[in-house]
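Below, each chain spelled out in residue letters.
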Amino acid sequence: MKAYRINRDLTVDEIDAPIESWKTPDIVWAMLGFDTVNDIWYDDEALFDPGAITASIGRHPRVPLPAYIVGSDGEDFAPPTIPIDLVRLSLD
């Protein structure tokens, strides 16, 4: 499935792989809403790391990187519904 990965250097890549390839069970995942149909997923414990790199993504300050943008379909994941360029423009 398609997703966008926001890297530590603030580049954004489109990935196309099963969710399980990056959303591994060894990370405590947290989610923020990017907009009404897309979500930001990130490592919830990363802010405790003194070397954490964060970014403002849309209206959310200090999101640990890497972070992933996926669409939401109720309780299920879906491909993002926004263009990758809008994700790039949302970074600060």
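Provided above is the structure to which this section pertains.
Residues numbered from 1 in each chain as written. Predicted model: local features only at pLDDT ≥ 70, side-chain atom pairs only at ≥ 80, totals over all residues. Heavy atoms only, no water.

(A) Here's a closer look at the side chain of His60. Checked against the element boundaries, His60 lands in strand β6 (residues 60–64). Assessed through its relative accessible area of 14%, His60 is described here as buried. With sequence-adjacent residues up to four places away left out, His60 is seen in contact with Leu32, Gly33, Ile40 and Ala55. (Helix = DSSP H or I, 4+ residues; strand = E, 2+ residues; numbered from the N terminus. Buried < 20%, exposed > 50% of the residue type's maximum accessible area, 1.4 Å probe, protein only. Contact = heavy atoms within 4.5 Å.)

(B) Molecular detail of unusual backbone geometry. Pro66 follows Leu65 through a cis peptide bond whose omega is 5°. With respect to the secondary-structure elements, Pro66 resides in the loop between β6 and β7 (67–73). Despite not being glycine, Leu10 has its phi angle at roughly 70°, a positive value. Following the sequence through the fold, Leu10 ends up in the loop between β1 (2–6) and β2 (12–16). Using a relative accessible area of 38% as the deciding quantity, one classes Leu10 as partly exposed. Positive phi, normally seen in glycine, also occurs at Arg62, with a value near 55°. Structurally, Arg62 is set in strand β6.

(C) Seen up close, the packing of aromatic side chains. Per the counting criterion, the structure on display carries 4 aromatic pairs. Taking 5.4 Å as the distance between ring centres and 75° as the angle between the ring planes, the aromatic pair formed by Trp22 and Trp29 counts as edge-to-face. Considered together, Trp22 and Trp29 belong to a single accessibility category, that of buried residues. Plain terms: the ring middles of Trp41 and Phe77 are 5.5 Å apart, the flat faces sit at 65° to each other, and that makes the pair edge-to-face. Of this pair, Trp41 sits in strand β4 (residues 38–43) while Phe77 sits in strand β8 (residues 76–78), and the two are 36 residues apart along the sequence. (Phe/Tyr/Trp six-rings, centres within 6.5 Å; stacked < 30°, edge-to-face > 60°.)

(D) Just the pattern of salt bridges, in detail. Under the defined criterion, the tally for this structure stands at 2 salt bridges. A salt bridge links Asp13 to Arg5, with the shortest nitrogen-to-oxygen separation between them at 3.4 Å. Assessed through its relative accessible area of 25%, Arg5 is described here as partly exposed. Arg88 is paired through a salt bridge with Asp85; the nearest N and O atoms lie 3.0 Å apart. Of this pair, Arg88 and Asp85 both sit in helix α1 (residues 84–89), 3 residues apart, which is roughly one turn of the helix. By relative accessible area, which is 40% here, Arg88 ends up partly exposed. Look at Asp85 and you get partly exposed, because its relative accessible area is 48%. (Salt bridge = Lys/Arg side-chain N within 4 Å of Asp/Glu carboxyl O.)

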